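# Structural features, examined
Listed here are the chains, written in short residue letters.
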Amino acid sequence: MEGSALDKLKAVLGAILVVVVAAYLLPPPPPELHRKNRIPVIFWHAFSGEWFPIYDGMIQRFNESQDKFEVIGVVVPGEELTTKFLLSASGGATPDIILNWDPVLGMWSDKGLISPLDDIMSPAEKQEFLRRTYPIVKRNSMYRGKIMALVDGLDMFAVYYRAEDLKDVGVDEKHLPATLEDLVALGRKLDKRDGQGHLRRIGFLPKGIINLAPTFGGKFNDNGHIVADTPGDLAAMSFIGDANHFYSFDAVDRFTQSLAADAGPNMPLIAGNFSIMFDGEWRVKQVAQYQPDLPYYLAPMPPPKGGKPNASMSAPNYLMIPTAAKEKQGAWEFAKFCVGFLHPEDGGRNMGEMGWLPDDPEIAKAKSYLAYLRKYPKYKVFVDLMASPNLEIEPQGPLQGFATDQINKAEDAVSRGESTPEAALQKVMQQLSDEKKRLRDLGEPAE
Amino acid sequence: MTIYQKIAIYLVLIALAIPALLPMSWMVSTSLKTDKQVFATEGKGTPTVSLHSLVPSPVQWKNYPNALAAVPFRTYLRNTVMLCLINVFGVVLSSAIVAYGFARTNFVAKNFFFVLMISTMAVPPQVTMVPVFALFRALGWYGTYLPLTVPAFFGAPFFIFLLTQFFQKLPEDMSEAARLDGSSEWGIFTRVVLPLSKPALATCGIFQFMWTWNDFLGPLIYLNRPSLYTVAYGLQQFMSKNGGEWTLLMAGATVFTAPIIVLFFFAQKTFIQGIATTGAKG
Amino acid sequence: MHITTEALHRTSPVRRWLRQNATGLLFISPWLLGFLAFTVGPFFSSVYLSFNTYDLVHAPKWVGPKNYTTLLQKDPLFWSSMGVTVKYAVVSVPLGILVGVGLALLLNTKVRGQAVFRTIFFMPSIVPTVANAVVFMWILNPEIGLINGLLGMLNITGPSWLTDPHWALWSLVFMSLWGVGNSMVIYLAGLQDIPAHLYEAATVDGANAFQRMSRITLPLLTPVIFFNLIMGIIGSFQYFTEAYVMTKGGPDGSTSFYALYLFQRAWTYLDMGYACAMAWIVFVIVMVLTVIVFRSRRRWVHFGG
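Rules and cut-offs
Residues numbered from 1 in each chain as written. Chains lettered and ligands numbered in written order. Predicted model: local features only at pLDDT ≥ 70, side-chain atom pairs only at ≥ 80, totals over all residues. Heavy atoms only, no water. Helix = DSSP H or I, 4+ residues; strand = E, 2+ residues; numbered from the N terminus. Rg over C-alpha atoms; globule rule 2.2 N^0.38 Å. Buried < 20%, exposed > 50% of the residue type's maximum accessible area, 1.4 Å probe, protein only. Contact = heavy atoms within 4.5 Å. Buried area = accessible area lost by both parts, 1.4 Å probe. Salt bridge = Lys/Arg side-chain N within 4 Å of Asp/Glu carboxyl O. Polar contact = N/O pair within 3.5 Å; in protein donor to acceptor, adjacent residues only side chain to side chain. Nonpolar A, V, L, I, M, F, W, Y, C, P; charged D, E, K, R; others polar. Core = buried A, V, L, I, M, F, W, Y, C linked by side-chain atoms within 4.5 Å. Expected span 1.5 Å × (residues − 1). Bend = angle between axes of the 7 residues up to and from the residue. Phe/Tyr/Trp six-rings, centres within 6.5 Å; stacked < 30°, edge-to-face > 60°. Lys NZ or Arg CZ within 6 Å of the ring centre and 35° of its normal. pLDDT = per-residue confidence, 0-100. Pairing = 2+ DSSP bridges. Patch = residues over 30% accessible without salt bridge, like charges linked within 9 Å, V, L, I, M, F, W, Y side chains within 5 Å. Areas by Shrake-Rupley, 256 points an atom, 1.4 Å probe, with all protein chains shown as cover. Axes fitted to C-alpha atoms, helices over the stretch in contact; angles between N-to-C directions. Parallel < 35°, antiparallel > 145°, perpendicular 65-115°, else oblique. Left-handed = near helix turned anticlockwise from the far one by under 90°.

The subject of this paragraph is the overall build of chain C. Looking only at helices and strands, chain C features 15 helices and two strands. The globule rule puts the C-alpha radius of gyration for 305 residues at 19 Å, and the 25 Å found for chain C is more than 25% above it. Each principal axis of the C-alpha atoms in chain C carries an extent, and together these give about 80 × 65 × 30 Å. Burial status across chain C gives 56% buried among its 305 residues.

Turning our attention to the interface of chain C and chain B. Facing 94 residues of chain C, the contacting portion of chain B comprises 98 residues. Note on chain C versus chain B: buried area summed over both sides is about 8,700 Å², and carbon and sulfur give 81% of it. Taken as a group, Phe 27, Trp 31 and Trp 138 of chain C account for 10% of the area that chain C buries against chain B, more than any other trio of residues on that side. Across the contact surface, chain C and chain B share zero salt bridges. Across the contact surface, chain C and chain B share six residue pairs in polar contact (both at pLDDT 80 or more). Counting only elements with at least two residues in the side of chain C that touches chain B, the list comes to helix 2 (13-49), helix 4 (76-107), helix 5 (114-122), helix 6 (129-139), helix 9 (181-192), helix 11 (209-237), helix 13 (258-268) and helix 14 (272-295) of chain C. By residue number, the principal contributor to the side of chain C that touches chain B is helix 2 of chain C, which donates 21 residues. Tallied by class, residues from the side of chain C that touches chain B come to 67 nonpolar, 22 polar and five charged.

This next bit is on the nonpolar core. Nonpolar side chains in soluble globular proteins generally cluster together in the buried interior. Within the largest apolar cluster, 213 residues are counted, with the highest numbers of intra-cluster contacts made by Trp 108 of chain A, Phe 161 of chain B together with Trp 267 of chain C. The next biggest cluster of nonpolar side chains, apart from the first, holds 70 residues, and it includes Val 151, Met 156, Leu 205 and Val 284 of chain A.

This part is about helix 1 (residues 3-31) of chain B. Over its 29 residues, helix 1 of chain B extends 40 Å from the first C-alpha to the last, a length consistent with the 42 Å expected when each residue adds 1.5 Å. At Leu 22 of chain B, helix 1 of chain B shows its largest bend, some 45 degrees, and a proline, Pro 23 of chain B, comes one to four positions later.

It is worth spelling out the pattern of salt bridges at this point. Tallied over the entire structure, the rule returns 25 salt bridges over all chains. In this structure, the salt-bridge partner of Lys 219 of chain A is Asp 222 of chain A, at a minimum N-O distance of 3.8 Å. Residue class for Lys 219 of chain A comes out partly exposed when judged on its relative accessible area of 25%. Linking Asp 250 of chain A and Arg 254 of chain A is a salt bridge whose minimum nitrogen-to-oxygen distance equals 3.1 Å. Of the two residues, Asp 250 of chain A and Arg 254 of chain A are both situated in helix 11 (residues 249-257); the distance of four residues between them amounts to about one turn of the helix. Each member of the salt-bridge network shares a partner with another, and the members are Glu 435 and Arg 438 of chain A together with Arg 265 and Asp 271 of chain C.

Here the focus is the packing of aromatic side chains. This structure, assessed with the given rule, holds 77 aromatic pairs over all chains. Plain terms: the ring middles of Phe 157 of chain A and Trp 282 of chain A are 6.1 Å apart, the flat faces sit at 80 degrees to each other, and that makes the pair edge-to-face. Here Phe 157 of chain A, found in strand 7 (residues 157-162), pairs with Trp 282 of chain A, found in helix 13 (residues 282-290); they are 125 residues apart in sequence, far enough to count as distant. Taken individually, Phe 157 of chain A and Trp 282 of chain A each receive the classification buried, so the pair is uniform in this respect. Here the aromatic rings of Tyr 379 of chain A and Phe 382 of chain A are separated by 6.0 Å at their centres, their planes lie at 55 degrees, and the arrangement is tilted. You can call Tyr 379 of chain A buried: its relative accessible area is 0%. Lying over the aromatic face of Tyr 274 of chain C, Arg 438 of chain A brings its terminal NZ or CZ to 4.3 Å of the ring centre.

Within chain A, residue pLDDT values average 86, and 91% of them lie at 70 or more. Note on residues 23-31 of chain A: pLDDT under 50 across the span, and eleven contacts to partners over four residues away in sequence or across chains.

So, on to the interface of chain A and chain C. Between chain A and chain C, the contact holds 29 residues from the first and 35 residues from the second. For the pair chain A and chain C, the number of links is three salt bridges. One salt bridge connects Asp 55 of chain C with Lys 111 of chain A, and the closest N-O pair in it is separated by 3.1 Å. Along the contact surface separating chain A from chain C lie eight residue pairs in polar contact (both at pLDDT 80 or more). Where the side of chain A that touches chain C is concerned, the elements lending two or more residues are helix 3 (78-90), helix 4 (105-110), helix 11, helix 19 (400-415) and helix 20 (421-441) of chain A. Residue composition of the side of chain A that touches chain C, grouped by class: seven nonpolar, seven polar and 15 charged.

Turning to the pairing of strand 1 (residues 39-45) of chain A, a few remarks are in order. Residue and element names in this part refer to chain A. Relative to strand 2 (residues 69-75), strand 1 runs parallel, the two sharing seven bridges. From the neighbouring strand, Val 41 faces strand 2, where its bridge partner is Val 71. As judged from the two bridges shared by strand 1 and strand 3 (residues 97-100), these two strands associate in the parallel manner. Each residue of the ladder has a partner; that of Phe 43, found in strand 3, is Ile 97.

Turning our attention to a nonpolar patch on the surface. Together, Val 86, Val 90, Val 91, Leu 95, Leu 98, Trp 167 and Trp 170 of chain C make up an exposed nonpolar region whose accessible area comes to about 600 Å². As for its placement among the helices and strands, Val 90 of chain C is situated in helix 4.

Here we take up the packing of helix 1 of chain B against helix 4 of chain C. For the pair helix 1 of chain B and helix 4 of chain C, interaxial distance at closest approach is 11 Å and the crossing angle is 130 degrees. Classified by the angle their axes make, helix 1 of chain B and helix 4 of chain C are oblique. You can see that helix 1 of chain B and helix 4 of chain C cross each other, and the crossing is left-handed. The segment helix 1 of chain B lies against helix 4 of chain C, with Ile 9, Val 12, Leu 13 and Leu 16 of chain B engaging Leu 103, Leu 106 and Leu 107 of chain C. Of the residues belonging to the contact of helix 1 of chain B with helix 4 of chain C, the class tally is seven nonpolar, no polar and no charged.

Checked against the element boundaries, Thr 163 of chain C lands in the loop between helix 7 (146-153) and helix 8 (168-176). There is a polar contact of 2.5 Å between the side chain of Thr 163 of chain C and the side chain of Asp 253 of chain A. If we skip the residues at most four places from it in the chain, Thr 163 of chain C touches Asp 253, Gln 257 and Arg 416 of chain A together with Pro 251 of chain C.

Below, the structure is given as structure tokens:
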């Protein structure tokens, strides 16, 4: 009898606990509007960690600059941003604006996940956008003739040279290699091995076929069609294969794995694991942050014989407005502010703080951006590169994810010596065509 | 047990404990280093990794307050503890009830239901994610804690399976005696079976606590407001685009893992207590 | 329940059925309700979706068995990822059981400090996945990792583990052993349930430690082993997170697990229908294996007092 009473008491207490806790958790309050009487604009992005304060600062500046909208930033871990967005889209509960750096523009456009900005911007704005934006930025923003996103930070690539290493072999700033062949030769001179012949430093190691292809005149995006076996692509792949063959893939693999970290105070450029690196523009700011006194040179990639000078791949961060967004006008106002379209001074400041490239020359000339360039003079190399005619964009379209995966796998196979460049790229094209056929069979858009 | 046997056992335990401690000690040691130290080269040209490099010097205690300040840990912690308590309570209670049904009662198509229940664990969650999401959205639960708490009260197949195994092992004689005394099945369940199953129930409780504590996917999908986020979710925030903040991540991870270790250390006493009660059983 | 045979004949069939089954069904009603509410709908949905193409945005389009035929006949990745997963399962599941049981037996002996040791062996399984992944990538690093450092002291050049196509999968199997703490705890709980008097009686009868273990402990532990075997099979076919974080399916596809490929199809290529078909194929496989293990239960699993 006592046991039963005790049991009943426990059950009752348990029930009360549940009710109390449920009451505490249940009601879903409206989004956190700090300012009353404003229209909320929900913004998803993945800038956590050390980037968060910068991004948050930008959001606050926008909110303070006008009084109609309030942008509410929601940070989502980068790897999961796409998944979370897709889920929300399947339920029609998307944010108003999203910043994503995954290569999704083509796919999301085809699926109707994002709205063409043409319909949201005014005709005057559209004209101005087409007039003033850098061509490479325009190409990245557009898909099938419509403006599908604003580019918020474009990645570009150039060559970093460690000055001290070059000095050891008698090369100074005025005598940087003029051709790719010279660069490779210089790199080989800079290799260092230890007593047992293990690599301790590699002069130059080419990696990343998609980024290297433009220098050879190659491309993976031919006016919206995905290609992988142009002569330039082949040349770039052979180039990678040759380098790996020269050093032996196993040695390269072990060496690259022994590198500390890709970012931070021990990144390869600072630690001196490579003397020459073909890398992105974000390194300028990182070096300044971790080792400001590191002497280095920066120059566009020298072309091989018959190749293209001032070439680079470009990889954007996309600011997109989902089709199911509730407040598209507010999202557009914010997007303009973020990248600095029609707001050059704000744009200059935003780009400067993140260490990014400007979308149009007006921003590049803004006082705030010039102040940034004064702080990081090397960055000017990238800004100048924006106007080069030899820039390429990444694959777009329903198969872009698939294509990128296959291209990277092909590079891996060639690096390991398991496939010739021709065979590897042929395989990519074959896989692409098989996948297109499968999609067409299913009645899905394939190109 | 002879002294030699004891020594042998100790030796094996200690020998195995060293690799077992490796991940945790690495985590803690990194959490106390500065960024530069993480891959110190020790003057050998390339960074080396040795037992010596496990010791940070100087010890950077600041990583901890920095990590805790970088994301609103207190809010996350409160949210996570709340979720854990609810889930543990709901899951253990409901799973025990269902397990008793499978283990000690008979009903039509029992085996079919049992296998059906287990089979639900075999479906890869990525494909049910979308319909489940649609379901919760239709119910209006998107953006709240409901998808993360209500299902717990309907039993978890993993624990139902586990507890069924345990309940089936219990000798029938005490239950029979109670039945002859006129007790209902529910009475037998609460007064005979449950008290004898403390180790199993404690195990389930710890596991559920751990899973809810570590659950990252649930909050990712269903929560949209930072004030609702959990600690597991917050830990991901240390991984930023161009490389992570390893030291802060490890500091956060250590803080994140510590409560579970403490919980486990103290909860195992219930296992040992279990010996006393099962002894009485014989 | 005291029901006389006459009473039984006098009550209606429905009443009789209810009396016999009501209690049991009531006990399992929480699960049954939850199943009907939260599980059945999504399950049927995803089965239905496997006969469609669905990209999460537009309405699903019926394509009949095309997804299944493509998978089984025209998709080499299906077979290769299945092969990788089976290889992983066949090795890691028995290994995990051996190590788990062994550890639990060790940790159940009456030496002092067991609480500390048990916590030590449990710790690796609760380290967050992202931290664990980083730690193991460092340990297995060919140049600066601990393993190759130790091998180096024996003058052996270790392979590059996670980036070596021959070793990557086994590196992951190796890593899975650190997660054995979970099943070890369950075995420990099971060991507590073995009545002490059985051991006493055996010792009186002159059995030594080994005989006690093989005649009493292991047989009485079989229900728990059975549980972990099934869970191990199910879990190994869904193995995904570590491969996603550490190797992304490389090198050379040697760690392209089935679940990883499924994830890609679902979320990267937005091919939900195809992914659903993949899910249900693996479901059938796992169910067949589970039923086989279940059927074998009578032969080796021990019940009762």
